[in-house]
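# Report on the structure
The lines below spell out each chain.
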Amino acid sequence: MFAILTMMEREVKLENIVSLAKRRGFMYQGSEVYGGLSGTWDYGPLGVTLKRNIMNLWWNYFVDARDDMYGVDAAILMNQKVWQASGHVDTFTDPLVEDLKTNQRYRADHLVKDAGFEAEGLTNEELNELIIEKEIKSPVGNELSPVRTFNMMFQTTVGPVADEKSISYLRPETAQGVFTNYKNVVDNFYPDLPFGIAQQGKAFRNEISPRDFVFRSREFEMMEIEYFVHPDKWEESFEALLKDVHEFLDMLGLPQDMVHELEVPENDRAHYSKRTVDIEFDFPIGREELLGLAYRTDFDLKNIQVNSGKNMEYTIKGTNEKFIPHVIEPSFGVERALMAVLSSAYTEDEVNGEKRIFLKFPEHLAPVKYAVSPLLKNKPELVAKAREVYDILKKKHGNVMWDDNGNIGKRYRRQDEIGTPYCVVIDFETLEDNAVTIRERDTTEQKRVAIQEL
Ligand code: ATP
């Protein structure tokens, strides 16, 4: 009667997730009514709650529950000097090639990788050589232009005069908003080392070819921590943060065997990084980066000190020991976390011989915790009782949905598809015994529970 097809659980197709996300109000293509804007996505009523649940969980776990973390929320637009000093103006680039017939542009390293060759860490010249030697063509089979670098920052101007001085950029990462506030936090709070500053917020990258649903978007949300440490003690903080990252991924409900650590080799690391571990996940599109953990040394603070002329040194309390702290950075992308959550929650099984799709979210992430239904919507006494129960649950849990649309089987299917852990049904017996039926999403089991015990 009830069989979970465990193999199918893991073979989730991206198109199934995209279609469910749209059908049930999680995500829509950005500017869809006007034909869309590539690389942008809008969150629907359920998606925004799921996203907030993920972001709040992260904030609670990494900031509120700890004594060594401070939150900030910096402006997205920053002085252009920030991006000159950080190296983004010169080096935040991707290798671009153009289809010589259609003029469509692609990421050279992605085309090389799609053709079955290693592309990680290759220079433009090396990519060029490979493209020529292996006769790599555009996805529609045309010749490609030589590889050139393309800066991914969205440039804009601030104020009524557009000139060199008014240039600004939509931030491509949130980290710089933390580094530029490091001194403010130290002056205000003088925390003991090690301590971290955390930030969540939008980031923008003009990706050459956004693809794979929200995995590679042009506008996305990041959750980053810059963790400041004594230069001699970076290793222990790195290991501790790596452990915390795994614990957080467990809380997202990601199966441990789908999460992998990739020790990034030296030639693939950013030049300032002494160690980087990418956490990869088995997405429906294959094993890809979910987040990164990087030891950034004192690269950023030192650059700020040189370029701003302001002292970025930290003095160990009660001593004269002064130095620029080193930094460990866990950097999460919210959309990739959301895609990992959706794809590990997506499950198909069979109930009474019928295929069923459900999202097996951990309860604390589910956008709707309870759906409340009167068994029949044309019986006023049932509706009134159901409203009573709805009000009790709504007051207690917030995310409770009223659902009286279609027959009870259809309601269960709909709630399964949006991952509601419990459906509460009020029937004629309720009027007699003040108890309701609670139907559990994963097992489809039904229990009778007294209203005052809900
Ligand atoms: P990739 O190699 O996949 O382009 P990256 O190494 O450039 O990623 P980082 O600069 O380390 O990514 O960014 C930190 C995190 O931000 C990534 O691990 C990912 O979760 C997220 N992220 C980066 N670029 C995008 C994007 N275009 N769309 C969605 N999330 C992104």
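Residues numbered from 1 in each chain as written. Predicted model: local features only at pLDDT ≥ 70, side-chain atom pairs only at ≥ 80, totals over all residues. Heavy atoms only, no water.

### Focus: the overall build of the protein chain
Across its full length, the protein chain holds 15 helices and 24 strands. For the C-alpha atoms alone, the extent of the protein chain along its principal axes is close to 75 × 65 × 50 Å. The 454 residues of the protein chain split such that 52% are buried. If you sum the accessible surface of the protein chain, you get close to 22000 Å²; carbon and sulfur atoms cover 48% of it. With 55 positive and 77 negative side-chain charges, the protein chain shows a spacing of 5 Å between the two charge centroids. (Helix = DSSP H or I, 4+ residues; strand = E, 2+ residues; numbered from the N terminus. Buried < 20%, exposed > 50% of the residue type's maximum accessible area, 1.4 Å probe, protein only. Areas by Shrake-Rupley, 256 points an atom, 1.4 Å probe, with all protein chains shown as cover. Lys, Arg positive; Asp, Glu negative; His and termini not counted. Charge placed at Lys NZ, Arg CZ, Asp CG, Glu CD.)

### Some details on the packing of aromatic side chains
Taken as a whole and judged by the stated rule, the model has 24 aromatic pairs. Seen from their ring centres, Trp-58 and Phe-62 are 5.4 Å apart, and the 45° between their planes marks the pair as tilted. Here Phe-62 and Trp-58 lie together in helix H3 (residues 45-64), a separation of 4 residues that amounts to about one turn. Residue class for Trp-58 comes out buried when judged on its relative accessible area of 0%. Relative to Phe-332, the ring of Trp-58 lies with its centre 6.0 Å away and its plane at 80°, an arrangement referred to as edge-to-face. Pair noted here: Trp-58 is in helix H3 and Phe-332 is in strand E17 (residues 326-333), with a separation of 274 residues, a long-range link. Across the pair, Phe-332 and Trp-58 agree in class, each one buried. An aromatic cluster is present here, built from Trp-58, Trp-59, Tyr-61, Phe-62, Phe-248 and Phe-332 joined pairwise through their rings. A cation over an aromatic ring shows up here: Arg-336 above the ring of Phe-215, its NZ or CZ 3.7 Å from the ring centre. (Phe/Tyr/Trp six-rings, centres within 6.5 Å; stacked < 30°, edge-to-face > 60°. Lys NZ or Arg CZ within 6 Å of the ring centre and 35° of its normal.)

### As for the sheet that holds strand E12 (residues 259-263)
Taken in spatial order, the 7 strands of this open sheet run E4-E10-E11-E17-E14-E13-E12, and their pairing is mixed. Every other strand in the sheet has two partners, leaving strand E4 (69-71) and E12 as the edge strands with one partner each. Each strand of the sheet is rotated relative to its neighbour by a mean of 25°, with strand direction disregarded. Sheet topology note: the strand E10 (residues 195-204)/strand E11 (residues 219-229) ladder contains 10 bridges and is antiparallel. Among the inter-strand pairings, Gly-196 is bridged to a residue of E11, identified as Tyr-227. (Pairing = 2+ DSSP bridges. Axes fitted to C-alpha atoms, helices over the stretch in contact; angles between N-to-C directions.)

### Observations regarding the site of the ligand
Around the ligand lies a shell of 15 residues, among which Glu-207, Arg-216, Ser-217, Glu-289 and Leu-290 are the nearest. Between an oxygen atom of the ligand and a main-chain N or O atom of Gly-333, the distance comes to 3.1 Å. Taking Arg-336, its side chain carries an N or O atom lying 3.0 Å from an oxygen atom of the ligand. Relative to its unbound accessible surface of 590 Å², the ligand loses 80% to contact with the protein. (Near = heavy atom within 4 Å. Polar contact = N/O pair within 3.5 Å; in protein donor to acceptor, adjacent residues only side chain to side chain.)

### Topic: the environment of Phe-150
Within the secondary structure, Phe-150 sits in strand E7 (residues 148-151). Taking C-alpha positions, Phe-150 is 36 Å from Ala-240, a pair spaced 90 residues apart along the chain. Every residue in contact with Phe-150, bar those within four places of it in the chain, is listed here: Phe-92, Thr-93, Asp-94, Leu-96, Asn-206 and Ile-208. (Contact = heavy atoms within 4.5 Å.)

### Quick notes on the side chain of Asp-109
As for its position among the elements, Asp-109 is in helix H6 (residues 108-114). Side-chain polar atoms of Asp-109 contact the side chain of Arg-107, separated by 2.8 Å. The contacts of Asp-109, once residues within four sequence positions are left out, are Pro-95, Ala-119 and Leu-127.

### Description of the pairing of strand E20 (residues 370-374)
For a regular strand, the rule is simple: side chains alternate between the two faces of the sheet. Across the 5 residues of E20, 5 count as buried, placing the element largely inside the fold. By the alternation rule, side chains of E20 split into Tyr-370, Val-372 and Pro-374 and Ala-371 and Ser-373, which are all buried. For the handedness criterion, the β-α-β arrangement of E20, helix H13 (residues 380-397) and strand E21 (residues 400-402) is classed as right-handed. As judged from the 5 bridges shared by E20 and strand E22 (residues 422-426), these two strands associate in the parallel manner. Bridging across to E22, Ala-371 finds its partner in Cys-423. (Right-handed = clockwise from strand over helix to strand, strands pointing away.)

### Here we look at empty space enclosed by the protein
What the rule picks out here adds up to 1 cavity of 30 Å³ or more. In this structure, the largest cavity encloses a volume near 30 Å³. Around the largest cavity, the lining residues are Ala-371, Ser-373, Asp-403, Ile-408, Arg-411, Tyr-412, Gln-415, Cys-423 and Val-425. Those elements that place two or more of their residues in the lining of the largest cavity are E20, helix H14 (408-417) and E22. When its residues are assigned to classes, the lining of the largest cavity shows 5 nonpolar, 2 polar and 2 charged. (1 Å grid on protein atoms, 1.4 Å probe; cavity = no way out; pocket = protein on both sides within 12 Å on 5 of 7 lines; lining within 4 Å. Points joined across faces, edges and corners; volume = space filled by probe spheres on them. Nonpolar A, V, L, I, M, F, W, Y, C, P; charged D, E, K, R; others polar.)

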